[in-house]
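Per-entry structural report
For reference, the chains in residue letters:
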Amino acid sequence: MTTKLFIDGEVGTTGLQIRARLDQRKDLDFISLGEEKRKDAGARREALNAADVVILCLPDDAAKEAVSLIDNKTTRVIDASTAHRVAPGWVYGFPEMSPEQGRAISGAARVTNPGCYPTGAIALVKPLVDAGLVPKGWPLTVNAVSGYSGGGKQMIAEFEDEDAPNYTFEAFRAYALGLAHKHVPEMQVNMGLDHPPLFAPAVGRYAQGMIVEVPLQLWALPGKPSVARVHEVLAAAYEGARFVSVVPLGESAAMTKLEPEGLNGTNELKLFAFGNETTGQVMLTALLDNLGKGASGQAVQCLNIMIGADEGLAVDL
Ligand SMILES: NC(=O)C1=CN([C@@H]2O[C@H](COP(=O)(O)OP(=O)(O)OC[C@H]3O[C@@H](n4cnc5c(N)ncnc54)[C@H](OP(=O)(O)O)[C@@H]3O)[C@@H](O)[C@H]2O)C=CC1
Ligand SMILES: CC(=O)N[C@@H](CCC(=O)OP(=O)(O)O)C(=O)O
């Protein structure tokens, strides 16, 4: 049986990558609107209601509008935007987040694809909160750097198109200085924290790939866990996961650098515990492709889980 799939926002950065990942699939029938119809509300309404599954690769307002245009009970939605990340009735599309999450995604009518930064940060912190190593009330910080494709077509033009009005020569930019980045709520909710993490993102002069870091002063935590214990909890949480791996301590201890483009083009997420047992400190670190496990790859994984295609399974059975 084929699944009728409509990607709303198909020619944007995330949409194009999803289409490229799915182009060879024989089990999917694509509903596609031409250039002249792709922003026409009437044509989109028709496509949205004709599809078995739609993937929304749109700005938040257009994503909300798309959901409001669906007037039947069968069309299922995967929203790549931030619009529904903590909305009631939506399942958070991060299958490795807990053993139950994959099952919840498989049966869901509305799935919200996680943000790129939260994918790394939640993967690092949630298992430690669940295990009681990090108290729910702990003051956490998340630092990150992303390639400029994270900002979609506009930011790509800003860094690549010398004729763009906002073309920039910047090598590196810290941003979200008001400490209210749109990803903070989904991080807090899915990490299970009582307080919003302090989130400090940055963008670098390269297209794609990201590093997300959560520093922890282990000596200050109630149980004073060792780096080895933190690593053990993370490794156990993702044992058998197909797309998430925890790098062995011996391997990460031998590393002297980490660059953000290392997983580009994949749906992988690699987690590291760079630590110092003497000082009781650890830098929990996630490496991912913002357009892979941080967006398009993750959306495809959720689609596969929802339609029962084998490639989507979060864990090898
Ligand atoms: N880039 C990334 O790394 C990630 C992005 N996301 C999210 O995915 C969503 C898409 O992002 P991204 O692909 O980067 O953004 P882009 O700006 O690259 O693409 C968005 C696309 O949506 C189209 N569009 C805008 N308004 C409408 C509308 N009313 N009807 C139909 N199409 C419309 C745009 O048209 P036009 O081409 O004319 O501008 C564009 O093609 C965003 O919500 C973003 O936050 C999520 C995770 C990571
Ligand atoms: C570099 C850059 O600007 N990145 C984007 C996040 C991209 C993303 O993942 O946004 P959503 O998943 O929430 O749609 C930003 O910080 O707004």
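Calculation notes
- Residues numbered from 1 in each chain as written.
- Chains lettered and ligands numbered in written order.
- Predicted model: local features only at pLDDT ≥ 70, side-chain atom pairs only at ≥ 80, totals over all residues.
- Helix = DSSP H or I, 4+ residues; strand = E, 2+ residues; numbered from the N terminus.
- Rg over C-alpha atoms; globule rule 2.2 N^0.38 Å.
- Contact = placed C-beta atoms within 7 Å.
- Expected span 1.5 Å × (residues − 1).
- Bend = angle between axes of the 7 residues up to and from the residue.
- Buried ≥ 20, exposed ≤ 12 C-beta atoms within 10 Å, placed from the backbone.
- UniProt positions renumbered as here; feature names shortened; annotations may be inferred.
- Pairing = 2+ DSSP bridges.
- Axes fitted to C-alpha atoms, helices over the stretch in contact; angles between N-to-C directions.
- Domains from an automatic or database assignment.
- Nonpolar A, V, L, I, M, F, W, Y, C, P; charged D, E, K, R; others polar.
- Core = buried A, V, L, I, M, F, W, Y, C linked by C-beta atoms within 7 Å.
- Near = placed C-beta within 6 Å.
- pLDDT = per-residue confidence, 0-100.
- Arc of directions from axis to C-beta.

When you go through the protein residue by residue, the secondary structure sums to 10 helices and 13 strands. Relative to the compact-globule value of 20 Å for 317 residues, the protein shows a C-alpha radius of gyration of 20 Å, a close match. Long-range pairs, those at least 24 residues apart, make up 73% of the contacts in the protein with a sequence separation of at least 6.

A few words on helix H5 (residues 116-130). In an α-helix, one turn spans 3.6 residues; hence positions three or four apart end up facing the same way. Over its 15 residues, H5 runs 22 Å from end to end, which matches the ideal 21 Å to within 8%, given 1.5 Å per residue. At Ile122, H5 shows its largest bend, some 35°. H5 sits mainly inside the fold: 13 of its 15 residues count as buried. Following H5 by one or two positions, Gly132 adopts a phi angle in the positive range, close to 80°.

Turning our attention to the UniProt feature "domain: Semialdehyde dehydrogenase NAD-binding" (unreviewed entry) in the protein. Under the local residue numbering, the UniProt record ascribes the feature "domain: Semialdehyde dehydrogenase NAD-binding" (unreviewed entry) to residues 4-105. Overall, residues 4-105 shows 36% helix and 19% strand. The separation of its end C-alpha atoms is 18 Å.

Adjacent strands of a sheet pair through backbone hydrogen bonds, lying either parallel or antiparallel. One open sheet accounts for seven strands, arranged E8-E9-E7-E10-E13-E12-E11; its pairing is mixed. Looking at which strands have only one partner, the edges of the open sheet turn out to be strand E8 (172-174) and strand E11 (244-246). With strand direction ignored, the average angle separating the axes of adjacent strands in the sheet is 20°. As paired elements, strand E7 (residues 141-147) and strand E9 (residues 198-204) share seven bridges and run parallel to each other. Within E9, the residue paired with Ser146 across the bridge is Val203. Seen against the sheet, H5 touches E7, E9, strand E10 (210-217), E11, strand E12 (269-276) and strand E13 (281-288) and runs at an angle of roughly 35° to E10.

This part takes up the domain arrangement of the protein. Segmenting the protein into domains produces domain 1 (3-114 + 295-312) and domain 2 (116-290). Placing the centre of domain 1 and that of domain 2 at their C-alpha centroids yields a distance of 25 Å. Taken residue by residue, the interface counts 14 residues in domain 1 and 20 residues in domain 2. Residue composition of the side of domain 1 that touches domain 2, by class: six nonpolar, six polar and two charged.

Time to look at the nonpolar core. Core analysis: the biggest nonpolar cluster contains 77 residues, and Ile55, Leu56, Ile78, Ala121, Val125, Leu271 and Ala299 have the highest contact counts within it. Broken down by element, this core gets its largest block of residues, eight residues, from H5. The residue makeup of this core includes at least three contributed by each of domain 1 (3-114 + 295-312) and domain 2 (116-290). Apart from residues no more than four positions distant in its own chain, Ile55 is found in contact with Ile7, Ile18, Ile78, Ala80, Ala299 and Leu303.

With that out of the way, let us pick up the site of ligand 1. Surrounding ligand 1, one finds 26 residues, the nearest of these being Gly12, Thr13, Thr14, Ser81 and Gly152. Per-element accounting of the shell around ligand 1 gives the leading share, three residues, to helix H1 (residues 13-22). For the shell around ligand 1, a count of residues per class yields nine nonpolar, 13 polar and four charged. Two domains each put at least three residues into the shell around ligand 1: domain 1 (3-114 + 295-312) and domain 2 (116-290).

Below, the discussion takes up the environment of Glu232. Topologically, Glu232 is positioned in helix H8 (residues 227-237). Residue Glu232 is classed as partly exposed on the basis of its C-beta count, with 16 C-beta atoms lying within 10 Å. When the C-alpha positions of Glu232 and Pro248 are compared, they lie 9.4 Å apart, and in sequence the two are 16 residues distant.

Pairing is parallel across the open sheet formed by six strands, whose spatial order is E2-E1-E3-E4-E6-E5. Bordering the open sheet on either side are strand E2 (28-31) and strand E5 (91-92), each of which pairs with just one other strand.

Using the residue numbers shown here, the UniProt feature "active site" (unreviewed entry) corresponds to Cys116. Beyond its immediate chain neighbours, meaning those up to four positions away, Cys116 contacts Ser146, Gly150, Met210, Asn290, Gly294 and Ala295.

This paragraph deals with unusual backbone geometry. The residue Ala176 is not glycine, and still its phi comes out positive at about 55°. Looking at where Ala176 falls in the secondary structure, it is placed in the loop between E8 and helix H7 (184-191). Overall, the presence of 16 C-beta atoms within 10 Å leaves Ala176 in the partly exposed class.

What follows covers the confidence of the model for the protein. Across the protein, the average pLDDT comes to 96, with 98% of residues at or above 70. Averaged over each element, pLDDT in the protein is lowest for helix H4 (residues 99-106) (94) and highest for E13 (99). Scoring of the predicted complex yields 0.96 for pTM and 0.95 for ipTM.

This part is about helix H2 (residues 41-50). Listed as buried for H2 are Arg44, Ala47 and Leu48. Each buried residue of H2 lies within a common arc of 100° when the element is viewed along its axis, so the set occupies one face. On the buried face of H2, the contacting elements are strand E1 (3-8), E2, strand E3 (53-56) and helix H3 (60-69).

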